Amino acid sequence: MTPDSRTRRFPVLGLLLGAGLLQACSGGGDDTIRIGAALPLSGKHANVGGFFRDGYQLAVEEVNAVGGVAINGVRRPIELRVYDDKSDASISPSLLERLIAVDGAVALLSGYSTPLVQAQVIVPMRRGVPFMNAGGASKSIFREGNQWVFGALSPVESLASTTLEWLMWEQDQERLPRPLRVAMVWQNTDHGREYRTGVHDVIRGREDRFELVLDESFEHLSSDHTSLIVKVRSVEADLFLSDAHEPDFLLQHRAYVEQGLGHIAVSYGARGPERSVREGLGEAVSHLVSAQWWTRALPYERSRHFVERYEAQFGGPVTEYYPAVAYEAARALITAIGNAGSTAPEAIRDALKDLELDDSLLPGGRLYFPEESRLQIENRCVIVQNQPEGGVRIVFPPDAAEGPAYLGS
Amino acid sequence: MVDLLSVLASGILVGTVYAYMAYGLGLIYGVLRVVNLAHGAFLTLGVYVTWWLNATFGMDPLVSILITVPLGFALGATVERTLVFRLRDSPPVTTLLLLFGVWLIVRNALYLIFGGADRSLLTSYSLESLALGPLTLSIPRLIVSAFSLLGFVALALMLKRTWSGLALRAVAQDREAAALSGVPVNRVWAVAFGIGSALAMSAGSLMSLFYSVTPEFGARFLLKSFCVVVLGGLTNIGGILVAGIGLGIAEDLTAFYIHTGYRDVVSFLVLTAALVMRRADAD
């Protein structure tokens with residue numbers, strides 16, 4: 001060994017020793033099982049990051065209230081350690097490294113938004129640590145041969161496919177004509193492209209039911225949507241489908257209303273029930289139909305339990321799906337740790353692969369991670385419709401529907 | 001034909017918004033020869049002050065201009081006096097970086113105070129439109145267009161008919177000659193920066209009528225403002241108005257007749273072409 005290489009190695013050894021000491025000091029030797037997450041608690045996704053933290057925390061508190069997770073007959077408390085990645089994809093992976101190397105986290109929970117989660121998944125895949133994703137729906141997160149990343153959020157395509165399933169169901173009830181002329185616009189991002197794929201997968205071979213008369217992308221954060229809406233008007237469709245993030249949705253629907261358009265049904269993917277949307281567009285969002293990964297009115301015992309607990313602890317009606325999916329993802333991970341009978345990463349991973357929650361709060365009531373979809377759940381979404389004066393109503397699937405949908409003319 | 005008229009009308013309305021948000025940038029460049037990267041910060045402050053006044057006191061965005069204009073002037077003049085003035089003989093890149101820093105500070109302060117959520121405000125006329133034969137025109141956009149034209153007229157009159165305007169033009173043409181003629185150059189710089197910032201903040205106020213409010217608001221529109229200013233002739237307020245309208249129409253026609261996805265490409269193609277042509281003229 002040359003003196004140069006020796007001096008280069010000393011800092012590395014020092015860092016490793018330091019990390020070991022820190023881990024020992026932070027309680028790595030006790031019975032506590034540590035899990036962690038890097039969440040956007042500040043920056044542009046700060047509001048959603050807070051929902052995720054609350055959902056994760058609630059699941060951890062529930063299990064700790066009974067003494068912790070049972071491993072081989074011994075209850076061990078769970079500690080959730082959360083860092084703020086400031087909504088910055090360049091910071092997020094290093095925080096996950098820290099959670100694993102310094103804090104001794106045995107498994108990780110995801111942050112929020114597809115770009116941030118895409119940046120995060122590199123760490124658990126390289127380190128071989130189970131990672132439960134509740135914040136990114138894009139299929140691009142789940143790569144070929146994936147063994148470590150589990151998805152509790154159905155793919156974006158299911159937003160589109162469930163919406164079209166609902167329309168076919170309405171056609172079967174003879175409440176909608178055949179074929180339906182569909183105008184579809186989508187933002188030119190992974191999210192928008194996957195929404196489009198979902199629509200195409202359903203309408204392919206169903207020309208008797210759907211006729212796609214407009215299929216066009218738009219840029220994210222466009223400065224105006226009027227010309228696009230004029231184009232939608234010109235094709236004289238029965239149905240208007242759009243996949244847009246909130247700023248584009250607000251501007252697009254504003255143009256839609258200003259231009260005086262009307263369709264049998266209008267849907268902006270998952271947009272519609274959010275409080276911020278009502279604040280920006282008021283009654284103009286009444287009767288919008290949206291596909292949701294969860295909604296508070298789902299008639300499942302677990303869902304009611306979550307709503308009660310969440311609202312008792314954090315106050316106010318829970319109108320967003322984020323904390324519910326986060327809670328369910330954390331609950332699935334904790335259950336798998338108990339089933340694994342060990343905190344070894346491989347054991348937790350294998351337990352997650354075998355996991356089946358039959359009392360899930362997600363649409364369909366069941367949570368598991370199929371190998372054929374690269375460990376991402378493929379549950380159907382739930383279709384809701386905004387009601388005048390606020391509130392939403394489930395209109396599909398039929399076993400959860402609270403009443404028929406209002407359909408325009 | 002109705003579709004074409006609708007698209008043209010939309011292009012004109014959008015274009016006047018582009019012009020309004022670019023006036024201040026052009027004025028500051030014309031007088032100080034400074035590329036004001038803090039312009040995005042003033043646009044963002046304008047939307048936030050307006051949104052906050054509306055959310056807290058129910059103040060109409062049109063009324064809030066009475067607050068954002070003087071506030072923008074005071075903030076702009078302060079930034080010029082305390083920061084830009086100190087670097088006036090430094091290389092242009094120094095001022096550029098300084099103002100970029102100002103923008104980052106404002107953006108991050110807004111994240112800290114208000115978080116990153118998209119916010120929007122709703123007034124009684126937010127979703128109203130005016131039917132003109134087969135055309136449907138958005139009332140909020142018509143209001144902003146009217147303010148844009150009013151701003152252009154007021155700025156043109158001020159520059160041509162007042163002593164301050166004369167001083168601004170004199171400093172823009174030749175700073176040293178103006179100083180020798182007794183024009184208080186330092187004060188003129190502060191006034192120019194103040195007016196430019198006031199215009200940016202008032203543009204932000206009005207744009208809150210239809211755009212959502214986030215700390216990234218300025219980033220969304222700063223590049224578009226640069227396109228309009230470069231296309232319009234950097235220091236020519238009339239040129240900026242024409243360039244804004246031209247860009248709005250070009251974008252909407254492209255979106256309607258070619259593809260919506262190419263809408264924003266138009267701005268940058270135009271910017272590149274304008275820069276290349278100016279370079280060729282200079283050679």
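Predicted model only: the values in this text are computed from it and were never measured.

### Notes on the sheet that holds strand β6 (residues 131–133) of chain A
Residues and elements named next belong to chain A.
- The strand order β4-β1-β5-β6-β7 describes an open sheet built from 5 strands, whose pairing is parallel. Looking at strand neighbours, the two that pair on one side only are β4 (78–84) and β7 (149–151), the edges of this open sheet. On average, each strand axis in the sheet is inclined to that of its neighbour by 25°, with strand direction left out of account.
- Alignment of strand β5 (residues 107–109) against β6, held across 2 bridges, turns out to be parallel. Looking across to β6, one finds that L108 is bridged to F131.
- The strands touched by helix α3 (residues 92–101) are β1 (33–39), β4, β5 and β6; relative to β1, the strand with the most contacts, the crossing angle is about 170°.

### Description of the pairing of strand β8 (residues 180–187) of chain A
All names here are of chain A.
- The buried count for β8 comes to 7 of 8 residues, which makes it a mostly enclosed element.
- Bridge count between β8 and strand β9 (residues 210–218): 8 bridges; the pairing is parallel. Its bridge partner lying in β9, M184 is registered against D215.
- Tracing the backbone out of β8, into helix α7 (residues 190–203) and back to the parallel element β9 gives a crossover that is right-handed.
- By the bridge criterion, 5 bridges tie β8 to strand β10 (residues 239–243) in an arrangement that is parallel. Bridging from a neighbouring strand, M184 pairs with L241 of β10.

### Details of the nonpolar core
Residues and elements named next belong to chain A.
- With 91 residues, the main nonpolar core has I35, Y56, W166, F306 and F369 as its most contacted residues.
- Here this core gets 12 residues from one element, more than from any other, and that element is helix α12 (residues 322–340).
- Excluding residues that lie within four positions of it along the chain, W166 makes contacts with A265, V289, I383, V395, F396, A405 and L407.

### Let's talk about the side chain of Q292 of chain A
All names here are of chain A.
- Its location among the elements puts Q292 in strand β12 (residues 289–292).
- For Q292, a relative accessible area of 6% corresponds to the buried category.
- Side-chain polar atoms of Q292 contact the backbone oxygen of A270, separated by 2.8 Å.
- Once residues lying within four places of it in the same chain are set aside, the contact partners of Q292 are A270, P273, Y321, P363, C381, V382 and V384.

### Let's talk about the domain arrangement of chain A
All names here are of chain A.
- Domains assigned within chain A are domain 1 (28–154 + 300–373) and domain 2 (157–292 + 382–396).
- Between the C-alpha centres of domain 1 and domain 2 the distance comes to 31 Å.
- Taken together, the 12 residues of domain 1 in the interface contact 9 residues of domain 2.
- Here domain 1 and domain 2 share an interface that buries about 780 Å² over both sides, 40% of which is from carbon and sulfur atoms.
- Counting across the interface, domain 1 meets domain 2 through 1 salt bridge.
- The residue E157 makes a salt bridge to K139 at a minimum N-O spacing of 3.2 Å.
- For the interface between domain 1 and domain 2, the tally reads 4 residue pairs in polar contact (both at pLDDT 80 or more).
- Split into classes, the residues belonging to the side of domain 1 that touches domain 2 amount to 5 nonpolar, 5 polar and 2 charged.

### Side note on the pattern of salt bridges
- Throughout the structure, instances matching the rule amount to 40 salt bridges over all chains.
- A salt bridge links R127 of chain A to E97 of chain A, with the shortest nitrogen-to-oxygen separation between them at 2.9 Å. On the criterion of sequence distance, the pair formed by R127 of chain A in helix α5 (residues 122–127) and E97 of chain A in helix α3 is long-range, its members being 30 residues apart.
- Between R263 of chain B and D252 of chain B there is a salt bridge; the shortest N-O distance is 2.4 Å. Highlighted residues: R263 of chain B in helix α11 (residues 263–282) and D252 of chain B in helix α10 (residues 237–257), separated in sequence by 11 residues.

### Digging into α10 of chain B
- Across its 21 residues, α10 of chain B extends 30 Å between first and last C-alpha, which sits within 8% of the 30 Å expected from 1.5 Å per residue.
- Backbone nitrogen of G238 of chain B and a side-chain oxygen of the N-cap are separated by 3.1 Å at the start of α10 of chain B; the cap is N236 of chain B.

### Quick word on unusual backbone geometry
Residue and element names in this part refer to chain A.
- Backbone torsion omega between R178 and P179 reads -10°, so that peptide bond is classified as cis.
- Take P179: it is sitting in the loop between α6 (156–172) and β8.
- Cis geometry is adopted by the peptide bond preceding P397, which originates at F396 and carries an omega value of 5°.
- Examined against the element boundaries, P397 turns out to sit in the segment after β14 (392–396).
- Positive phi is not limited to glycine here, since L221 has a value of about 60°.
- Structurally, L221 can be placed in the loop between β9 and α8 (226–234).

Conventions adopted
Residues numbered from 1 in each chain as written. Chains lettered and ligands numbered in written order. Predicted model: local features only at pLDDT ≥ 70, side-chain atom pairs only at ≥ 80, totals over all residues. Heavy atoms only, no water. Pairing = 2+ DSSP bridges. Helix = DSSP H or I, 4+ residues; strand = E, 2+ residues; numbered from the N terminus. Axes fitted to C-alpha atoms, helices over the stretch in contact; angles between N-to-C directions. Contact = heavy atoms within 4.5 Å. Buried < 20%, exposed > 50% of the residue type's maximum accessible area, 1.4 Å probe, protein only. Right-handed = clockwise from strand over helix to strand, strands pointing away. Core = buried A, V, L, I, M, F, W, Y, C linked by side-chain atoms within 4.5 Å. Polar contact = N/O pair within 3.5 Å; in protein donor to acceptor, adjacent residues only side chain to side chain. Domains from an automatic or database assignment. Buried area = accessible area lost by both parts, 1.4 Å probe. Salt bridge = Lys/Arg side-chain N within 4 Å of Asp/Glu carboxyl O. Nonpolar A, V, L, I, M, F, W, Y, C, P; charged D, E, K, R; others polar. Expected span 1.5 Å × (residues − 1).

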